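# Report on the structure
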Amino acid sequence: MKVLFVSAEVTPLAKVGGLGDVIGALPKELIKLGVEPTILLPYYKLFDKVKPKKINLTLETVNFGGSDSVELFETYLPDTKIRVLLAKHPILYREEVYGYPDDSDRFAYFSVAVLKLLKTIKFDLVHCHDWHTGLIPLGLAGTIPSLFTIHNVHPDEGVGFLRRDVIKRLGLPVDKLATTKDVDSDSVNLLAQGIVYADRVNTVSPTHAKEIQTTKFGGALAPLLKSRSQNLTGILNGIDTEIFNPATDRSIVQQYDVKTLDKKIINKRDLEKVCDWSESDHPILGMVTRLTEQKGVDIVVAAAPELVKRHARIVILGTGDPNIENMLRQVEKRYPDNLKVFIKFDAILAQKIYAGSDFFLMPSRFEPCGLGQMIAMRYGTVPIVHPVGGLKDSVIDNKTGFWFTSFSRNKFLVSVSSAINLYHHSHRYNLMQQQCASQDFSWGSSANKYLDLYKLLLSK
Ligand code: ADP
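## A few points about the site of the ligand
Neighbouring the ligand are 18 residues, the closest being R290, K295, K344, Y354 and L371. Between the ligand and K295, the relevant distance is 2.8 Å, taken from an oxygen atom to a side-chain nitrogen or oxygen of the residue. Y354 is positioned such that a nitrogen or oxygen atom in its side chain is 2.6 Å from an oxygen atom of the ligand. The protein chains hide 82% of the 560 Å² of surface that the ligand would expose on its own.

## What about the sheet that holds strand 14 (residues 339-343)?
With parallel pairing, the 6 strands of this open sheet are ordered in space as 14-13-12-15-16-17. Lying at the two open borders of the sheet, with one neighbouring strand each, are strand 14 and strand 17 (402-403). As defined by bridge partners, strand 15 (residues 359-362) adjoins strand 16 (residues 382-385) across 4 bridges and the pair is classed as parallel. Across the sheet, the residue bridging to M362 is V385, located in strand 16. Packed on one face of the sheet, helix 9 (residues 264-274) meets strand 12 (284-291), strand 13 (313-320) and strand 14 and runs near 60° to strand 12. The sheet contacts of helix 10 (residues 297-309) involve strand 12, strand 13, strand 14 and strand 15, and relative to strand 12 the element is tilted by about 155°.

## Structural notes on the pattern of salt bridges
Per the counting criterion, the structure on display carries 21 salt bridges. A salt bridge links E272 to R269; the shortest N-O distance between them is 2.8 Å. A residue pair is termed a helical-turn pair when its members lie 3 or 4 positions apart in one helix, as E272 and R269 do in helix 9 at 3 residues. A residue is classified by how much of its surface remains accessible, and E272, at 1% relative accessible area, is buried. Among the ionic contacts, a cluster of salt bridges with common partners joins K53, E74 and R83.

## Digging into the sheet that holds strand 3 (residues 53-64)
Each strand in a sheet pairs with another by means of backbone hydrogen bonds, the pair being arranged parallel or else antiparallel. Spatially, 9 strands are ordered 3-4-5-2-1-6-7-10-11 in an open sheet, and the strand pairing comes out mixed. Edge positions in the sheet fall to strand 3 and strand 11 (232-234), since each has one partner strand and no second. Between one strand axis and the next, the sheet turns by 25° as a mean value, whatever way the strands run. As defined by bridge partners, strand 1 (residues 2-6) adjoins strand 2 (residues 36-42) across 5 bridges and the pair is classed as parallel. The residue bridging V3 from the neighbouring strand is P37, located in strand 2. Against the sheet, helix 2 (residues 103-120) contacts strand 1, strand 2, strand 3, strand 4 (67-76), strand 5 (83-88) and strand 6 (125-129), and its axis sits at roughly 120° relative to strand 3. Running at roughly 145° to strand 7 (residues 146-150), helix 17 (residues 444-458) makes contact with strand 1, strand 6, strand 7, strand 10 (200-203) and strand 11 of the sheet.

## Some words on helix 10
Over its 13 residues, helix 10 runs 19 Å from end to end, which matches the ideal 18 Å to within 8%, given 1.5 Å per residue. Residue A303 marks the point of greatest curvature in helix 10, where the axis turns by about 55°; the proline P305 follows within four residues. Those residues of helix 10 lying buried are V297, I299, V300, V301, A303, A304, L307 and V308. Lining the buried residues of helix 10 we find strand 12, strand 13, helix 11 (322-334), strand 14, strand 15 and helix 15 (409-423). After helix 10 finishes, the residue H311 shows a positive phi value of roughly 65°.

## As for the side chain of D358
With respect to the helices, strands and loops of the structure, D358 is situated in the loop between helix 12 (347-356) and strand 15. One polar contact links the side chain of D358 to the main-chain amide nitrogen of I284, over a distance of 2.8 Å. Filtering out sequence-adjacent residues up to four positions away, D358 remains in contact with K268, H282, P283, I284, T381, V382, Y423 and Y429.

## So, the nonpolar core
Ranked by size, the top nonpolar core spans 88 residues in total, and within it I39, L41, I150 and Y454 carry the most contacts. Per-element accounting of this core gives the leading share, 10 residues, to helix 2. Every residue in contact with L41, bar those within four places of it in the chain, is listed here: S7, A8, E9, V10, A14, F47, V84, L85, L86, A87 and F110. Core analysis: the second largest hydrophobic core is formed by 70 residues, A312, I324, C369 and M432 among them.

## Considerations on the side chain of D105
Among the structural elements, D105 can be located in helix 2. Lacking a salt bridge, the buried D105 has R163 as its closest oppositely charged neighbour, with an N-O distance of 5.5 Å. In contact with D105, not counting residues within four places along its chain, are F64, L162 and V166.

Thresholds, definitions, all that
Along each chain, numbering runs from 1 in the same order as the chain's sequence is written. Residue-level local features of this predicted model are given only where pLDDT is at least 70; pairs of side-chain atoms are given and counted only at 80 or more, and the full residue set underlies all totals for whole chains, interfaces and linings. By convention in this description, side-chain values take in all heavy atoms of the structure and omit both hydrogens and water. We call a residue near a given molecule or strand whenever any one of its heavy atoms falls within 4 Å of it. Side-chain atoms alone can form a polar contact between residues adjacent in sequence; in general such a contact is a pair of N or O atoms within 3.5 Å, and within protein one must be able to donate a hydrogen while the other accepts it. For every accessible area listed, the method is Shrake-Rupley and the probe measures 1.4 Å; residues are considered covered only by the protein chains on display. Only strands that DSSP links by at least two bridges are regarded as paired with each other. Counting from the N terminus, the helices are the DSSP runs of H or I reaching at least four residues and the strands are the DSSP runs of E reaching at least two. Whether two residues are in contact is decided by their heavy atoms, any of which lying within 4.5 Å being enough. Where helices are involved, their axes are fitted lines through C-alpha atoms of the stretch in contact, as for all axes, and angles between N-to-C directions lie from 0 to 180°. Counted as salt bridges are all cases of a side-chain nitrogen of Lys or Arg within 4 Å of a carboxyl oxygen of Asp or Glu. Think of it in three bands: with a 1.4 Å probe and only protein chains considered, a residue is buried below 20% of the maximum accessible area for its type, exposed above 50%, and partly exposed in between. Multiply 1.5 Å by the residue count of a helix minus one, and that product is the helix's expected span. To obtain the bend at a residue, axes are fitted to the seven residues ending there and to the seven starting there, and the angle between these axes is taken. To form a nonpolar core, buried Ala, Val, Leu, Ile, Met, Phe, Trp, Tyr and Cys residues must be joined to one another through side-chain atoms within 4.5 Å. When charges are counted, neither His nor the chain ends are considered; positive counts come from Lys and Arg and negative counts from Asp and Glu.

Pasting the structure below:
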């Protein structure tokens, strides 16, 4: 089964966030199941360093951004035989993956190039990811089966929308464009096109698949998602269990596994030093996150005085919204012995927090899947979560973590109190840690679910 993955990112070649991780990991698992995956991305300048090879195929498209042809290059996903095709055109060939005012134009043009490629190279099905590829199912018009995966229904402000006249210039059927209430009549939401025209749609956790059919989580897309409910499923993302492995992780001072969780204390001692704290038996609550409203850091700040009274120590690593960064700096000044804030992106410190904390906080307002809670569990660190989306699907209340079911400071505090009580009953706490570390969050079982979807699409 030849499957074309179309995406804006792939880890490690062009990673911005979680989307890249999925595209870098899922094809590797699918290959074990007999699928022949090929990945297709725009050729960004950052690919120059891997010296992709030009292939003997040029796609003639419409004139856009100064050229009407796309050259194709190929490289491989590192340490694999998975082919990565790269579409090169002046509008795509930029330093960064995203962040340009014309991003929607760029990816719309990329989608047109993909449609042209699909007329030249034969694939059994196309697996499109996120708004960047939303126009592909529209343009395919059923010629090849398509699966559209939504990683985030709320792309960053201002992206994922495009004017109808641009779509017309690109030669796509404007009369068929799906409409939503979040744009004026001159524009369209690109995610909506994928949702309406793909043969099947999925998102990255079963609970989020239900949530996005409601206005609370799905916003203007909810009615469309609801109308596709028969063809909409959720498949939980996995984590790379080779990278996130406490037994081999060189970022932490003491390696350990599920059978030697007692050694985790050495990492706690190290984390205390990193935070400039004295050695103590007080529980450490860790958090590693983008600082956006979604992630619920405000609730932790609101609860801080109470948490300090209960001798909890909190360490937060993150970057993002300057207002949230400032709020954290302020509260850190008030409680220097209990609250440590690192405003930066630091993959090594992140691992030290996953390994050295006793609990991991994920009070997200919404969370399509979430990786932090899975990484924490793999490191024997008990998550405390607001059970939405993938948090609900991956954390079992009172068995592998704690839930607070309504998003409020008080409910959050009740959960943290239960967690701290458990922590002081070391036998019960150790049991929960073991249950966490024994969970299987590898990509294997999710890859099987994607294969089932592919088979379903091909059987039609
Ligand atoms: P999202 O994709 O919404 O940002 P996830 O929980 O799915 O949230 O994944 C976030 C990933 O990024 C995790 O692996 C987390 O450890 C990592 N991460 C987030 N912020 C930082 C940071 N400041 N430094 C290091 N790693 C970070």
